[in-house]
Amino acid sequence: MQDGRPVTTAEMWLRERRPEFLMLFEREVYGRVPAAVPSVAWRVDTVDREFFAGRPVIAQQLVGHVDKPAAPGIPVDIRAAKVGSSRTAATSASRWRT
């Protein structure tokens, strides 16, 4: 336990220690999400049909525009690449379009 006590039962683990671990993992590994996270509007910039390891894939270049009312004069765009099999990428491409 964080206070130095040993875990002595399975119930103590589930009720006390496991929640401590989850909280520590969230804070120290994942990081916490701020209360006011701005939204991101994603769009597909380009789509290329390619081959990866001899298999057909679809490579998409995505651009996410961050909506941040606190500083509207500072544009923030996120560029990302997404590569998927040609079977699944074709159907998921529409999910990224705005």
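Whatever comes next refers back to the structure up there.
Only a predicted model underlies this, so the values are computations on that prediction, with no experimental measurement involved.

## Some remarks on helix α1 (residues 10-30)
Here is step 1 of the chain: Between its first and last C-alpha, α1 extends only 26 Å over 21 residues, short of the 30 Å set by a 1.5 Å rise per residue.
Here is step 2 of the chain: Roughly 40 degrees is the biggest bend found in α1, and it falls at Arg-17, with proline Pro-19 one to four residues downstream.
Here is step 3 of the chain: Of the positions making up α1, those classed as buried are Met-12, Arg-17 and Glu-20.
Here is step 4 of the chain: One or two steps after α1, the chain reaches Gly-31, where phi turns positive at roughly 90 degrees.

## As for unusual backbone geometry
Here is step 1 of the chain: In the Ramachandran plot, Ala-53 falls in the positive-phi region, its phi being about 55 degrees despite a non-glycine side chain.
Here is step 2 of the chain: Looking at the secondary structure, you find Ala-53 in the loop between β1 (39-52) and β2 (55-67).
Here is step 3 of the chain: On the accessibility criterion, Ala-53 (73% relative accessible area) is exposed.

## Comments concerning the pattern of salt bridges
Here is step 1 of the chain: Under the defined criterion, the tally for this structure stands at eight salt bridges.
Here is step 2 of the chain: In this structure, Arg-15 and Glu-11 form a salt bridge, with 3.6 Å as the shortest nitrogen-oxygen distance. One end of the pair is Arg-15 and the other is Glu-11, both in helix α1 and four residues apart, which spans about a single turn. Here Arg-15 matches Glu-11 in class, with each residue exposed.
Here is step 3 of the chain: Between Arg-17 and Glu-20 there is a salt bridge, with the nearest N and O atoms lying 2.6 Å from each other. With Arg-17 and Glu-20 both in helix α1, this residue pair falls three residues apart, about one helical turn. Across the pair, exposure class does not vary: Arg-17 and Glu-20 are buried alike.

Parameters and conventions
Residues numbered from 1 in each chain as written. Predicted model: local features only at pLDDT ≥ 70, side-chain atom pairs only at ≥ 80, totals over all residues. Heavy atoms only, no water. Helix = DSSP H or I, 4+ residues; strand = E, 2+ residues; numbered from the N terminus. Expected span 1.5 Å × (residues − 1). Bend = angle between axes of the 7 residues up to and from the residue. Buried < 20%, exposed > 50% of the residue type's maximum accessible area, 1.4 Å probe, protein only. Salt bridge = Lys/Arg side-chain N within 4 Å of Asp/Glu carboxyl O.

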